[in-house]
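Residue strings, one per chain:
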Amino acid sequence: MLAIDCIYKEIGALGTNERISTAITLMDEQKINHLAIVEGNTFLGLISENSIFELNSFSDRISNHLTLLKKIFVYENQHIYEIAKLTYFEQIDIIPVLDKNENYLGCITLSKLLDAFTQLTSATEEGSVLMLSMNVNDLYISEIARIIESNDARIINLYVTPVMHSTEIKVTIKINKTDLSRIIQTLNRYNYTVNMISEPNPIEGNLVEKYKLLMKYLSI
């Protein structure tokens, strides 16, 4: 999913002739801490609520305080992984989006970014989640997929998370089955370490048996 797919049209930008007080009002109304400043279609930078409150006069025009602006943005064809990384390191709550000619197209909010990750990770799809731990050199996605498919299931989503300062990784897998017991048994036979299972509707069916199964594999 790309930046162009995540733009939230409801968040506006301000021109340089607007007053600082207008920026404060707009941030308050839209519950954001940053605002894009533009001149025509040209993006000049982001102004933050913190930098605004350091000023002595809110009646000044934005054009008098352009040094407050930070030129932080993404291009329309950048992936949301890059957008999330930028948001994290810059600690901003809106992300301006520019086209290849550097025209301002709009911005992405944290809420839209979360929506995009929800779609990307298939979070709303029916199924269950399990997590495997392994050394990075032992990761063979084709083998994991074969094991899951041999139990009449399929992978909806899979992602890998490195463990800091280690060669270990966590492999999180979303599967289109609600009962993972057979899949887990097969993974254990192939010496995979299963350290998290999440099945939907745990109160349905035989609760005691499901609870025992869950505890058994969480303790591995």
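These numbers come from a predicted model, not from an experiment.

Undergrad: Break down the packing of aromatic side chains for me, citing the residues and quoting the values.
TA: Enumeration according to the criterion identifies six aromatic pairs in this entry. An angle of 85° between the planes, with centres 5.2 Å apart, marks the rings of F73 and Y75 as edge-to-face. Here F73 falls in the partly exposed class, since its relative accessible area comes to 21%. Relative to F89, the ring of Y88 lies with its centre 5.2 Å away and its plane at 80°, an arrangement referred to as edge-to-face. Exposure remark for Y88: the relative accessible area of 59% places this residue in the exposed category.

Undergrad: How would you explain the sheet that holds strand β2 (residues 34-39) if you had to name every residue and give the values?
TA: Hydrogen bonds between backbone atoms are what pair the strands of a sheet, whose relative direction is either parallel or antiparallel. The mixed open sheet is built from three strands, whose spatial order is β1-β2-β3. Looking at which strands have only one partner, the edges of the open sheet turn out to be β1 (14-15) and β3 (42-48). As paired strands, β2 and β3 are joined by six bridges and run antiparallel to one another. Across the sheet, V38 pairs through a bridge with F43, a residue of β3. Set on the sheet, helix α1 (residues 20-30) makes contact with β1, β2 and β3; between it and β2 the angle comes to about 135°.

Undergrad: Any chance you could break down the pairing of strand β6 (residues 104-109) for me, citing the residues and the numbers?
TA: For β6, the buried fraction is high: five of the six residues fall into the buried class. In this structure, strand β5 (residues 94-98) lies alongside β6, joined through five bridges in antiparallel fashion. Within the sheet, the bridge partner assigned to I95 lies in β6 and is I108. With antiparallel pairing between neighbouring strands as the criterion, β5 and β6 make up a hairpin whose turn holds five residues, including E102 at a positive phi of roughly 65°.

Undergrad: An account of the side chain of T16 is needed here, citing residue identities and associated values.
TA: When you line up the elements, T16 lands in the loop between β1 and α1. Within the structure, T16 has its side chain in polar contact with the side chain of E39 (distance 3.5 Å). Those residues in contact with T16, other than ones at most four positions away along the chain, are I37, V38, E39, L44, R61, I62, S63 and L66.

Undergrad: I'd like a description of unusual backbone geometry, backed by residues and values.
TA: With a phi angle near 55°, K31 is a residue other than glycine that sits in the positive phi range. Within the chain, H165 stands out as a residue other than glycine whose phi angle is a positive 60°. Inspection of the secondary structure assignment puts H165 in the loop between β8 (155-162) and β9 (168-175).

Undergrad: Now, about the pattern of salt bridges: what can you tell me, with residues and values included?
TA: If you walk through the whole model with that rule in mind, you get one salt bridge. In this structure, K170 engages E168 in a salt bridge whose closest nitrogen and oxygen atoms are separated by 3.3 Å.

Undergrad: Explain the sheet that holds β9 to me, using residue names and the numbers behind them.
TA: Read across the open sheet, the four strands follow the order β8-β9-β7-β10; overall the sheet is antiparallel. Two strands lie at the open edges of the sheet, namely β8 and β10 (193-198), each paired on one side alone. Averaged over all pairs of adjacent strands, the angle between strand axes in this sheet comes to 20°, irrespective of strand direction.

Undergrad: I'd like a rundown of α1, residues and numbers included.
TA: Every buried residue of α1 is listed here: I20, A23, I24, L26 and M27. Viewed along the axis of α1, the buried residues span an arc of 165°, placing them on a single side of the element. Away from its buried face, by an angle of more than 90 degrees, α1 presents the exposed residues D28 and E29. Those residues of α1 that are buried lie in contact with β1, β2, β3 and α2 (49-53). Phi turns positive one or two residues past the end of α1, at K31, with a value near 55°.

Undergrad: Talk me through the packing of helix α3 (residues 80-90) against helix α4 (residues 110-120); I want residue IDs and the actual numbers.
TA: Between α3 and α4, the shortest axis-to-axis distance is 11 Å and the interhelical angle comes to 140°. Classified by the interaxial angle, the pair formed by α3 and α4 is oblique. With respect to the hand of their crossing, α3 and α4 are arranged in left-handed fashion. Together, I80, Y81, I83, A84 and T87 of α3 and L110, L113, A116, F117 and L120 of α4 make up the contact between the two elements. Grouping the amino acids of the contact of α3 with α4 by side-chain chemistry returns nine nonpolar, one polar and no charged.

What counts and what doesn't
- Residues numbered from 1 in each chain as written.
- Predicted model: local features only at pLDDT ≥ 70, side-chain atom pairs only at ≥ 80, totals over all residues.
- Heavy atoms only, no water.
- Phe/Tyr/Trp six-rings, centres within 6.5 Å; stacked < 30°, edge-to-face > 60°.
- Buried < 20%, exposed > 50% of the residue type's maximum accessible area, 1.4 Å probe, protein only.
- Pairing = 2+ DSSP bridges.
- Helix = DSSP H or I, 4+ residues; strand = E, 2+ residues; numbered from the N terminus.
- Contact = heavy atoms within 4.5 Å.
- Axes fitted to C-alpha atoms, helices over the stretch in contact; angles between N-to-C directions.
- Polar contact = N/O pair within 3.5 Å; in protein donor to acceptor, adjacent residues only side chain to side chain.
- Salt bridge = Lys/Arg side-chain N within 4 Å of Asp/Glu carboxyl O.
- Arc of directions from axis to C-beta.
- Parallel < 35°, antiparallel > 145°, perpendicular 65-115°, else oblique.
- Left-handed = near helix turned anticlockwise from the far one by under 90°.
- Nonpolar A, V, L, I, M, F, W, Y, C, P; charged D, E, K, R; others polar.

Everything listed here is a matter of coordinates, which is why it stays silent on function.
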